[in-house]
Every structure is written in C-alpha cells, then in structure tokens.
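Here is what each chain is made of, one letter per residue.
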Amino acid sequence: MRFLPIFLDLKAGPILLVGQGELAQAKLRLLLAAGAQVRWFATDGNHDLKNFSPDESARVERASGDPLTADLSNVIAVLCAGAGDTGHAMAARAKAAGIPVNVMDEVSHSTFIFPAIVDRGDVVVAVGTGGSAPVLARRIRENIEKVLPARIGELSALIGSWRERVKMKLPDMASRRKFWERVVDGPIGTLALAGKSDDANRLLDNISDHEAFASSKSNGFVSLVGAGPGDPDLLTIKALRALQDADIVFYDDLVSAEILDRVRRDAARVSVGRRIGKPGIGQDATNALMIEAARDGKRVVRLKGGDPFVFGRGGEEVAALRDAGVAYAIIPGITAGVGAAAEFEVPLTFRKQALRITFLTAHKAEDAGNVDWTALTDTRMTVVVYMGISAASAIRDGLLKAGRPMQTPVGVFARVSRPDSKAVVGTLDDLPSLVTQIGNGPAILVIGDVVSHSLPWKNSNPQQFLTQLMMAAE
Ligand code: SAH
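Treat the numbers as computed from the prediction; the structure is a model and nothing was measured.

A. Looking closely at the sheet that holds strand β16 (residues 422–427). Strand order across the open sheet formed by five strands is β13-β14-β17-β15-β16, with mixed pairing between neighbours. Every interior strand has two partners, whereas the edge strands, β13 (356–361) and β16, have only one. If you compare each strand with its neighbour and ignore which way they point, the axes differ by 20 degrees on average. Sheet topology places strand β14 (residues 381–386) next to strand β17 (residues 443–447); three bridges connect them, and they run antiparallel. Of the residues in β17, the one forming a bridge with Val-383 is Ile-447.

Next comes the structure, spelled out in structure tokens:
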C-alpha cells in the first residue's frame, strides 16, 4: 500500500482550489457535495458557479490574486485542477508548507490522491487503486453501492446518538462491543435499516439492563419478502439481501427453485405452501413457526410469490407478528399481474382507453358467484384476475351477463417470467377454451382493451397489426 486512506475533517478549515474550466468544476462538485468550504483561485478569473445551489455557492470564497503568494494558514488541503504550470508551482509550495496537495491526474506532483467514494451519510467507503486504475475503482464502488443498505448511514447515526449514554452504562469496553454487536446484528439494526428508526430508538430506550442485553441471545426478526413472479433477477435488492442474511426461510409453493437458490447456503428452508392435492400446513401453523423461530433469535424470511400484500395473506401474518411482539419488516415484490404486463407488453393503463385497474381473485366457481360483476363493466377498466383458471367459465359468464362486450380482448399468461412462460390471447367469450391451452399454472388473466396492445395479440393478428402500423404512419 502506498496511499493510506484517512478521512479529512472538512470542518477544520477551507480547501484551496486552483484551476479553471471543466476540471475545476468537477472538483467543485465533489467538494461542495461533501460539504467543504472552498477557497477558489480561478486561474482564468472566471468564478463560474451557475451549476451550484445558493447554499453550495455560499461555501465558495472567490479568491483573487496570485495563489503562489496567498496566505495558506488554516488551509487543510490544496487541489489543482486545470491549473497547468501554476498547479505544479502550487504543489511545490504546498509541499514546502507541509499541506497535503493533489494535482489532478498527476500523482508525481501530489501527496494524496482521491478515492472513489460511496457516500451514505455517516458511513463513507473509499476505494483506491493507488491512482493507477480509476475506472476499476469506480466499478468496485458500484458493486459496493449495490450491497450496502441505503440506510446504513441512519443506523450509524442512531448508534452515534446513543454512544455516550451506553458508555456510561457499560464502562467495560468488551461488554460495550458485545452490546453494539447485538444492536447491529439484531432487530434494532434491522429496523433502522428498514427505515423504522423510531421503533429502533424505542427498543434501545427500553433496555433496562445493558449488561444483560449485551450477553443475551439476540431476538430474532421476520422479513416478509415478496419473491416476484419467478425470475430471480426480478427480486429487489432488499429482498436479495434478506435472502442472503437469513437463518431460516419459510416459503410458499409458488416460489421458484431459482429464487431458493439465492438463499444463503447454510439457511434452513421450510416449505409451508399448499400444493395441488396437498393442503400445506395452514396459516396458523405457519404463523406459529415464524414466531417460534424469531423468538429463538433467528433471522427469519417468510418468502412469498409475487407481493406479500397482493392475495398473499401478508396482512394476516403481520397481524400475528404484531400480536406476538416480534419485530418485522415488509419487502415488496413484483406481483404476477405486473410481471405479466412487462413480459407480454400489456400496458395495464393506457391514455384515454384504460383508466383503472382492478385486481381480483376468483378461485372457485362459488367465489366467482360472490363477485359483483356489474362493478367491472366499464370498458376503460383493466381487470386482472388471480387464481382464476378453474373459474374461467364463471368469470366469463359473470362479465357477459353484467354487460361487458363479448369481443373484449383477454390474455391468459402462465408461468410469468419463467423459462417456460406462455401467453394465449383471444376474446372474452372464448375465455374457457383459452385457459385450456396454457398448460400448467400458475396463470393470470388480464381482461380489457389493453390486451390488444400486447405482443402476443400483435403476433396472433399480424394483418391487423400491419394495418394499425400503416394507419399510424399516415
Ligand atoms: N402474491 C402473489 C399472488 C398469490 S395468489 C402475487 O402478488 O403475485 C396466486 C395466483 O397468483 C396464481 O393463481 C396466479 O393467478 C398468480 N401467479 C402467481 N405467480 C404467477 C406467475 N409466475 N405467472 C402467472 N400467474 C402467477
């Protein structure tokens, strides 16, 4: 290592910037975003600050005169960007005065170099390659950005705000370290990262015996995670992080094998889902298992197909977790209807043609009997039906009887986002025969004029598509 990463206190004094043009602007952007005070010698006399906010501009001192003879007292570092020979002379002067100096892209004139920076408030990661490969440093930074929770800075600030109080309670450094490990690895840390800083604060406030907390087994935490329709690349970054952090995963039958592959290798996996012909373990038993695992100190993931709050019984699980006093967070997923829309290019809304969307479930013919179909006759409403395959005839009959036109386009989309996905499109009167063509589920129905914009519709009606294209071109 030639360059030691250290962090400069921007409150200690101004940074002196010498230079002009785009290079100087780039350094100004970096310094002002970081909160620095900048004394700027614009070597062409043009202190151009039009790209900065009033607050940022207020932190720039427009210096005139010769930087080579300027007063350097208080200056914490010198930067030269687009300063030509003046930069080299300035670097020599800063070195003689013992002030850290960087000449942009000229390591031989510099005593320090800039890393690529990941900025999450109090948490800052600096990546350096000794000045030899800045592009590589930026790639590494991007990868770190992806894995670092967005709210890690908030967690750090929370810890900072309790540091002194905890120090008084726990003078012994080893117990203090254990205490903060419990916080970071347990529900308090997870709550802060989930944006629930108030809850995290409350839990910290409730700790009466700090010594006991430090040596206790951590309480567990449940993440209710939406797995999306099947393609693991459709997991959110948060969902992926929860899977990779899990001690135990309770998953539904709808969750694809590819997604289970993303679960941390050592985590236990428990299927709690219903399968065709098998009832599954039931909702109460699932709730009980989750709560028990959390009370045992585990990081629990409850993994559900699509989104947990769209026909996913997430509401009931949250109620059970609340009643049990178990800490939890909800991580949304891409619901099947939205996944189908993207894959098969069905715009669920369309200007003037489709102004509303209804998500509906009609599992059995009796369920379909309970639906008020007259509320679904507006031709500008797209109807997305979950679990509607076996009730397809009843759905068609209900809609037709209520007055939705027979020729309404419908799509049946099966195994959305999986390698064997399939679409069949047609009209409402034909719905029962369409569902017989798609093979295995899961499948979703989309009913409404928007289906005529979909890719399978265009492909099944090429002549009509061409005519439309020609009309559009005219
Ligand atoms: N919470 C889930 C829905 C669970 S209900 C979500 O938000 O997507 C189960 C129904 O969802 C299935 O009967 C089917 O209609 C639909 N579904 C789930 N995954 C699907 C997929 N990959 N392709 C098509 N439909 C799917």
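B. Fine view of the environment of Leu-240. Relative to the helices and strands, Leu-240 resides in helix α10 (residues 237–245). Assessed through its relative accessible area of 27%, Leu-240 is described here as partly exposed. Considered as a pair, Leu-240 and Val-225 are 15 residues apart in the sequence and their alpha carbons are 9.3 Å apart.

C. Main features of the environment of Phe-114. Inspection of the secondary structure assignment puts Phe-114 in the loop between β5 (101–103) and β6 (116–120). On the basis of relative accessibility, which here comes to 30%, the residue Phe-114 falls in the partly exposed class. Phe-114 sits 17 residues away from Gly-131 along the chain, and the two C-alpha atoms are 8.1 Å apart. Residues in contact with Phe-114, not counting those within four places in the same chain, are Lys-27, Leu-30, Leu-79 and Asn-102.

D. Representation of the packing of helix α5 (residues 152–169) against helix α6 (residues 173–185) within the structure. At a closest axis distance of 12 Å, the pairing of α5 and α6 adopts a crossing angle of 145 degrees. For the pair α5 and α6, the sense of crossing is right-handed. Contacts between α5 and α6 involve Ile-159, Trp-162, Arg-163, Val-166 and Lys-167 from the first element and Arg-176, Phe-179, Trp-180 and Val-184 from the second. The residue makeup of the contact of α5 with α6, split by class, is six nonpolar, no polar and three charged.

E. Looking closely at the packing of aromatic side chains. A complete count under the given rule lists six aromatic pairs for this structure. Residues Phe-344 and Phe-413 carry aromatic rings whose centres are separated by 5.0 Å and whose planes lie at 15 degrees to one another, so their mutual orientation is stacked. Of the two residues, Phe-344 is situated in helix α14 (residues 336–344) and Phe-413 in strand β15 (residues 409–414); the sequence distance between them amounts to 69 residues. Classification of Phe-413 as buried rests on a relative accessible area of 0%. An angle of 55 degrees between the planes, with centres 5.8 Å apart, marks the rings of Phe-359 and Tyr-386 as tilted. Separated by 27 residues along the polypeptide, Phe-359 in strand β13 and Tyr-386 in strand β14 bring together distant segments of the chain. Three or more aromatic residues joined by ring pairs form one cluster here, namely Phe-179, Trp-180 and Phe-213. The ring centre of Phe-114 lies 4.5 Å from the NZ or CZ of Lys-27, which sits over that ring. Directly above the aromatic system of Trp-162 lies the positively charged group of Arg-165, at a separation of 3.8 Å from the ring centroid.

F. Just the site of the ligand, in detail. Neighbouring the ligand are 18 residues, the closest being Asp-307, Val-310, Thr-335, Ala-336 and Ala-443. At a separation of 2.9 Å, an oxygen atom of the ligand approaches a polar backbone atom of Asp-307. Taken together, the residues of the shell around the ligand break down into 12 nonpolar, three polar and three charged. Both domains that furnish three or more residues to the shell around the ligand are identified here as domain 3 (221–331) and domain 4 (337–473).

Conventions adopted
Residues numbered from 1 in each chain as written. Predicted model: local features only at pLDDT ≥ 70, side-chain atom pairs only at ≥ 80, totals over all residues. Heavy atoms only, no water. Pairing = 2+ DSSP bridges. Helix = DSSP H or I, 4+ residues; strand = E, 2+ residues; numbered from the N terminus. Axes fitted to C-alpha atoms, helices over the stretch in contact; angles between N-to-C directions. Buried < 20%, exposed > 50% of the residue type's maximum accessible area, 1.4 Å probe, protein only. Contact = heavy atoms within 4.5 Å. Left-handed = near helix turned anticlockwise from the far one by under 90°. Nonpolar A, V, L, I, M, F, W, Y, C, P; charged D, E, K, R; others polar. Phe/Tyr/Trp six-rings, centres within 6.5 Å; stacked < 30°, edge-to-face > 60°. Lys NZ or Arg CZ within 6 Å of the ring centre and 35° of its normal. Near = heavy atom within 4 Å. Polar contact = N/O pair within 3.5 Å; in protein donor to acceptor, adjacent residues only side chain to side chain. Domains from an automatic or database assignment.

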